[in-house]
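Residues per chain, in single letters:
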Amino acid sequence: MSAEAGIGQAVRTGRRGERSLGSRIAYEVSKFIRKKPLGAFGAIVLLVLVAMAVFAPWITPYGPLQQGTGPALAPPSADHLAGTDQFGRDVFTRIVYGSQISLAVSIGATFLAIIPATTFGMMCAYFRGPFDMIFQRIVDAFQAIPGLILLITIVSILGSGLVNVIFALAIP
């Protein structure tokens, strides 16, 4: 064995063809983007929405309810990226802070719908027979009602509020 071969083996950190964790992640992400470009676009939109919601106080120069930050109904400018509304509130600030509420409603409704759906699905798979058929007919009856009409009915019965909207979105 020559001295050069020994140096080459000492420099190598792993087996031949083995990649570091960072390069494996980068490879998998680039493969995902090539194979599923629409899924990658959706993931980017979701990451931007989450980043906007988390970093809202640092992204925006004004508070979401702060009035008089500029003239009423001003067009977009350097001070107000999306202009102002009729009360002089910054529209961009309100959009960014609105993403927090949108994110809370979507996560809340998703988890509130997943828990009973998974439970009833497992019960139907376990008990089968008449229990499964009865539950299928109940689900069919709910799906026969248009979702928006059901949502409006539930909110009108429960009243307005963030928790009631999350509950109403989780039902259908």
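Residues numbered from 1 in each chain as written. Predicted model: local features only at pLDDT ≥ 70, side-chain atom pairs only at ≥ 80, totals over all residues. Heavy atoms only, no water.

(A) A nonpolar patch on the surface, seen in detail. Taken together, the side chains of Leu112, Ile134, Ile138, Phe142, Ile157, Leu158, Phe167 and Ile171 define a hydrophobic patch exposed on the protein surface, amounting to about 740 Å² of accessible area. Secondary structure elements with two or more residues in the nonpolar patch: α6 (129-144) and α7 (147-158). The greatest single-element share of the nonpolar patch, amounting to three residues, is contributed by α6. (Patch = residues over 30% accessible without salt bridge, like charges linked within 9 Å, V, L, I, M, F, W, Y side chains within 5 Å. Areas by Shrake-Rupley, 256 points an atom, 1.4 Å probe, with all protein chains shown as cover. Salt bridge = Lys/Arg side-chain N within 4 Å of Asp/Glu carboxyl O. Helix = DSSP H or I, 4+ residues; strand = E, 2+ residues; numbered from the N terminus.)

(B) Layout of the layout of surface pockets. Roughly 440 Å³ of volume is contained in the largest pocket. Ala117, Phe135, Ala170, Ile171 and Pro172 are the residues nearest the centre of the largest pocket, which is lined by 14 residues in total. Of all the secondary structure elements, the ones that give two or more residues to the lining of the largest pocket are α5 (91-127), α6 and α8 (162-170). (1 Å grid on protein atoms, 1.4 Å probe; cavity = no way out; pocket = protein on both sides within 12 Å on 5 of 7 lines; lining within 4 Å. Points joined across faces, edges and corners; volume = space filled by probe spheres on them.)

(C) Layout of the packing of aromatic side chains. Evaluation of the coordinates by the stated rule reveals five aromatic pairs. The rings of Phe120, Tyr126, Phe127, Phe131 and Phe135 are connected pair by pair, giving a single aromatic cluster. (Phe/Tyr/Trp six-rings, centres within 6.5 Å; stacked < 30°, edge-to-face > 60°.)

Spatial relationships are all this shows, so hold off on functional conclusions.
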